Amino acid sequence: MTVSSQQDFDGHEQVVFASDAETGLRAIIAIHNTVRGPALGGCRMWAYASEGDAVRDALRLSRGMTYKNALADLPFGGGKSVIIGDARSQKSPELIAAMGRAVDRLAGRYIIAEDVGTSVEDMAVVRNVTRHVAGLKDGGSGDPSPATARGVFMGIRAAVDYRLRRNSLDGLRVVVQGLGHVGWDLCRQLADEGVRLSVSDIRQDHVERAVETFGAAPIDTDSIFDVEADVFAPCALGAVINDNTLPRLKVAVVAGSSNNQLAEDRHGALLAERSILYAPDYVINAGGVINISHEFGPSGTGYDRATAFAHVDRIHDTLMTIFKRADADGVPTNVAADRIAEERFKLSRVA
């Protein structure tokens, strides 16, 4: 099967396979669309079961970055890279440097940043071999997790305002699935607002820490979809809204940081049929890339955290626009979001 015949191929401009025998690098760089500017997106390192699975992930994630960057009104297109391998046992500085050289050969069409399985420290290694990298710690935006969590927090506020007609989160019940860097910081912000938390994670020590720190109720990973609450916030891996889990949801809002939360686009319509307001994932989780984008400040002014986070906070208003558009057009929120994004990246190049 060729790349262009894959189901997730969507007119991608370029798909590059990179390898390095000395370090064991096997990677794929997918550039979906550069109408608005060079493709910006993270590098994921994962122990994919097959090369085909890695290609599918790169295709899907890179397309998502095009839509994410357009709706965040960034002067960047969408791209993503994946490294095939276990980050815990197979990653090395030499392998990361080889990845950086692969990025450099694209001459700026793709800008790499950290993602699952890679880190800010890895991007510092990449910076030694290419300037086409973002998310740097020294003089840059650093770890994008706090900005991503902030955007999700603002997105939950927007969804609660629109769906529940409440401008306060105090006393609401929120279920958080996944207590990684983003999920944990989201819990912190929600707890500060008086939210009653229920949490689940594959690591029991993370759950126990959340119970102790936030007074959260621990939930078994298999039961997380059955909890009655106001908001379900998926902050782990994707495809969590599917034919099995969707009928079990007892919430008014789905709003979290996970990528590709809908197993299929049709699940957006099924959520709407059940009057569950869905905050499209690539909109609500855009805080990280918004933050990183501010490393490319005007006229060399550099990164400014206050300016970047003010931009992140506008995720609230973007979601409100999407919710209103969905109602006006009589379509699910994921369809409304796609339409707005496509209007931005298909029509004209950003000046």
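Residues numbered from 1 in each chain as written. Predicted model: local features only at pLDDT ≥ 70, side-chain atom pairs only at ≥ 80, totals over all residues. Heavy atoms only, no water.

A.B. asks: Can you break down the pattern of salt bridges residue by residue, with the values?
C.D. replies: By the definition in use, this model includes 21 salt bridges. With a closest N to O distance of 3.5 Å, arginine 44 and aspartate 57 form a salt bridge. Note that arginine 44 is positioned in strand β3 (residues 39–46) and aspartate 57 in helix α1 (residues 51–71), a separation of 13 residues in sequence. Each member of the pair, arginine 44 as well as aspartate 57, is classed as buried. (Salt bridge = Lys/Arg side-chain N within 4 Å of Asp/Glu carboxyl O. Helix = DSSP H or I, 4+ residues; strand = E, 2+ residues; numbered from the N terminus. Buried < 20%, exposed > 50% of the residue type's maximum accessible area, 1.4 Å probe, protein only.)

A.B. asks: Can you explain the packing of helix α5 (residues 181–192) against helix α6 (residues 204–214)? Please cite residues and give values.
C.D. replies: Put simply, α5 and α6 touch, their axes get as near as 11 Å, and they point 20° apart. Classified by the angle their axes make, α5 and α6 are roughly parallel. Pair α5 / α6 crosses with right-handed handedness. Two secondary-structure elements touch here, α5 through Trp184, Cys187, Arg188 and Ala191 and α6 through His206, Arg209, Ala210, Thr213 and Phe214. Counted by class, the contact of α5 with α6 contains five nonpolar, two polar and two charged residues. (Axes fitted to C-alpha atoms, helices over the stretch in contact; angles between N-to-C directions. Parallel < 35°, antiparallel > 145°, perpendicular 65-115°, else oblique. Left-handed = near helix turned anticlockwise from the far one by under 90°. Contact = heavy atoms within 4.5 Å. Nonpolar A, V, L, I, M, F, W, Y, C, P; charged D, E, K, R; others polar.)

A.B. asks: Pulling in residues and values, what's your account of the pairing of strand β6 (residues 173–177)?
C.D. replies: Burial runs high along β6: four of the five residues are buried. Pairing of β6 with strand β7 (residues 196–200) involves five bridges; the strand directions are parallel. Counted as the bridge partner of valine 175 is serine 198 from β7. Taking the sense of rotation as the criterion, the β-α-β connection linking β6, α5 and β7 turns out right-handed. For β6 and strand β9 (residues 231–234), the ladder comprises four bridges, and the chain directions are parallel. Its bridge partner lying in β9, glutamine 177 is registered against proline 234. (Pairing = 2+ DSSP bridges. Right-handed = clockwise from strand over helix to strand, strands pointing away.)

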